[in-house]
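Okay, here's what each chain looks like letter by letter:
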Amino acid sequence: MSEAAPDLAAPTTDRGRRRREAVLDAAEQLFHEHGFHGVSVDDLGAAAGISGPGLYRHFASKDALLMAVLDRIWMRLRPAVEHAGSLDPAQALEELLDAQLDLALEQPAALVLLVRELRHLPDDYRSLASRNHRRYVAAWAEAIRGRRPELGEADARAIALAVHGLVDSATLRAQAMPRGLSRQAHRRLLDHLARAVLDAPTPEAT
């Protein structure tokens, strides 16, 4: 989750941007289904509707393509992180929770890849991903402590990570969606459960 995707120059036309997103969508799905090393450049090109070598007009390598897929996680989360510091704690938590729910419900495959495939990428990229994750958790912890000043830093971080784990684990697999529950109802349920975690008393407070 770097702040700048390690690929070639960003496309300047709507058609180019749509094609790039199509490549990323196809890569995300194939990497999720078959693993990073189980997918060839030709597989990626066929899924995106272009020739395998045509991918290199958009991305310098298959590694760069995976990095760009993972970068879309940070691109979803970064606006909430950047806004959080200028909002009151309750509003900051609303924005951060919305971002987490949007990511988990709309791009669960990317979260799987982040956990499963990040280890295959260069050290500098993994360091950037770790830095962005720390920044994200810190924004949550600051908002939580602003809303619940009795909490220490460690407790606030633990609560933030518990919310992330709850939301992510409920959406990481397609079969996790309960039968008969619409996406909207699933989101409402996860939102309710996440808020319960945010408001739960810590053992020291009981």
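Residues numbered from 1 in each chain as written. Predicted model: local features only at pLDDT ≥ 70, side-chain atom pairs only at ≥ 80, totals over all residues. Heavy atoms only, no water.

Caption draft 1: Fine view of the overall build of the protein chain. Scanning the protein chain for helices and strands turns up eight helices and zero strands. Counting from the amino terminus, helix and strand elements in the protein chain follow one another as α-α-α-α-α-α-α-α. The proportion of buried residues among the 206 residues of the protein chain is 43%. When the accessible surface of the protein chain is totalled, it reaches about 10,700 Å², and 54% of it is carbon and sulfur. (Helix = DSSP H or I, 4+ residues; strand = E, 2+ residues; numbered from the N terminus. Buried < 20%, exposed > 50% of the residue type's maximum accessible area, 1.4 Å probe, protein only. Areas by Shrake-Rupley, 256 points an atom, 1.4 Å probe, with all protein chains shown as cover.)

Caption draft 2: Representation of the packing of aromatic side chains within the structure. Under the counting rule described, the total for this entry stands at two aromatic pairs. With a centroid separation of 6.3 Å and an interplanar angle of 80°, the aromatic rings of Tyr 136 and Trp 140 are classed as edge-to-face. Remark: Trp 140 and Tyr 136 occur in helix α6 (residues 123-147); sequence separation between them is four residues, near one turn of the helix. In this structure Tyr 136 comes out as buried when scored by relative accessible area, which is 3%. (Phe/Tyr/Trp six-rings, centres within 6.5 Å; stacked < 30°, edge-to-face > 60°.)

Caption draft 3: Layout of the pattern of salt bridges. Applying the stated criterion to the full structure yields 16 salt bridges. Notably, a salt bridge pairs Arg 145 with Glu 153, separated by 3.4 Å at the nearest N-O pair. For Arg 145, a relative accessible area of 34% translates into the label partly exposed. You can call Glu 153 partly exposed: its relative accessible area is 37%. Residue Arg 147 is joined to Asp 199 by a salt bridge in which the shortest nitrogen-to-oxygen separation is 2.6 Å. One end of the pair, Arg 147, is in helix α6; the other, Asp 199, is in helix α8 (residues 183-199), and 52 residues separate them in sequence. A residue is classified by how much of its surface remains accessible, and Arg 147, at 38% relative accessible area, is partly exposed. Here the salt bridges do not stand alone but share partners, grouping Arg 20, Glu 21, Asp 25, Glu 28 and Arg 72 into one network. (Salt bridge = Lys/Arg side-chain N within 4 Å of Asp/Glu carboxyl O.)

Caption draft 4: Geometry of the side chain of Gln 107. Its location among the elements puts Gln 107 in the loop between α4 (89-106) and α5 (108-117). Judged by relative accessible area, Gln 107 falls into the buried class, the value being 8%. At 3.3 Å, the side chain of Gln 107 and the side chain of Glu 28 are in polar contact. Leave out the neighbours within four places in its chain, and Gln 107 touches Glu 28, Arg 72, Arg 76 and Asp 102. (Polar contact = N/O pair within 3.5 Å; in protein donor to acceptor, adjacent residues only side chain to side chain. Contact = heavy atoms within 4.5 Å.)

Caption draft 5: Focus on the side chain of Asp 168. Among the structural elements, Asp 168 can be located in helix α7 (residues 153-169). The buried charged residue Asp 168 lacks any salt bridge, with Arg 76 as its nearest oppositely charged partner at 11 Å. (Lys, Arg positive; Asp, Glu negative; His and termini not counted.)

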